[in-house]
Amino acid sequence: MTVDKVDATLADFAAHFDRLFATPVAASDGKVKLLLFLADREPGSSSTWCAGKRNPFSRSLAYCNVAEPVIYERLEGVLQGRDAVLLRAYVGDKPTWRDPAHPWRVDPRFELKGVPTLIRWENGAAAARLGDEEAHLKDKVDALLGAGGN
C-alpha cells in the first residue's frame, strides 16, 4: 500500500486537485481519494494556529493537532493494501480562514465549516466527510476510510 501525500495551498490547490481527482486517468486509477483540509502551521513550529484553542463558533476544543496523527495512523491500518492519494490542503493563516468568503467555505464541492476536515472523494463528489469535531475520532476515521470498498 502506498499513500501519496501532496500538499497544497490556496494558490496551487486547483492544479493539484484537478490532476489528482478530476482527470479521467485519476478517476479510474483505483486509488482511495482523500482531502484533508488543515490550518496552516505557525512559523517555526509543528503546531497549527488553532492548536488547543477554543473555537468561538463551537462548544468544543479545536482538534487541529490531534486529528492529523490519528488520520495518518488509521490510513496505515484500514486501507489494507489499497493505494491512496491524500491531498493536504492548507486553508491559510487565521485571518484568511476566518473570512466568510474563503474559497473553500463557499465552494459547493467542499463547503468547509471548520478545520481539520477529512473528505473521501468518489465519483466526482464528496462521498463521506468528517468535520473538525469528528476528524480525531478513530472509529469515525476508520468508517470513512473503509467506506466505498475501493
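Given the structure is predicted, the values throughout are model-derived calculations rather than measurements.

(A) Seen up close, the nonpolar core. By size, the foremost hydrophobic cluster in this structure holds 22 residues, and its most contacted members are Leu34, Ile71, Leu75, Leu86, Leu118 and Leu145. Elements with a minimum of two residues in this core: strand 2 (32–38), helix 3 (64–78), strand 3 (84–90), strand 5 (125–130) and helix 6 (138–146). Take this core: its biggest share by element is six residues, from helix 3. Counting 21 residues, the second largest nonpolar core, distinct from the first, contains Phe13, Leu87, Trp97 and Phe110.

(B) Just the sheet that holds strand 1 (residues 3–8), in detail. Ordered by their spatial adjacency, five strands build an open sheet running 1-3-2-4-5, and the pairing between neighbours is mixed. The strands lining the two open edges of the sheet, one partner per strand, are strand 1 and strand 5. Taken over all neighbouring pairs, the strand axes of this sheet differ in orientation by 25 degrees on average, direction set aside. Along the sheet face, helix 1 (residues 13–22) touches strand 1, strand 2, strand 3 and strand 4 (117–122) and points at about 165 degrees away from the line of strand 3.

(C) Local environment of unusual backbone geometry. The step from Val115 to Pro116 runs through a cis peptide bond, and the omega angle for that step is 0 degrees. Positionally, Pro116 belongs in the loop between helix 5 (103–106) and strand 4. The backbone phi angle of Glu111 is positive, close to 40 degrees, even though this residue is not glycine. Of the residues examined, Glu111 reaches a relative accessible area of 42% and is grouped as partly exposed. You will see that Asn123, though not glycine, has its phi angle at about 50 degrees, which is positive.

About the criteria used
Residues numbered from 1 in each chain as written. Predicted model: local features only at pLDDT ≥ 70, side-chain atom pairs only at ≥ 80, totals over all residues. Heavy atoms only, no water. Core = buried A, V, L, I, M, F, W, Y, C linked by side-chain atoms within 4.5 Å. Buried < 20%, exposed > 50% of the residue type's maximum accessible area, 1.4 Å probe, protein only. Helix = DSSP H or I, 4+ residues; strand = E, 2+ residues; numbered from the N terminus. Pairing = 2+ DSSP bridges. Axes fitted to C-alpha atoms, helices over the stretch in contact; angles between N-to-C directions. Contact = heavy atoms within 4.5 Å.

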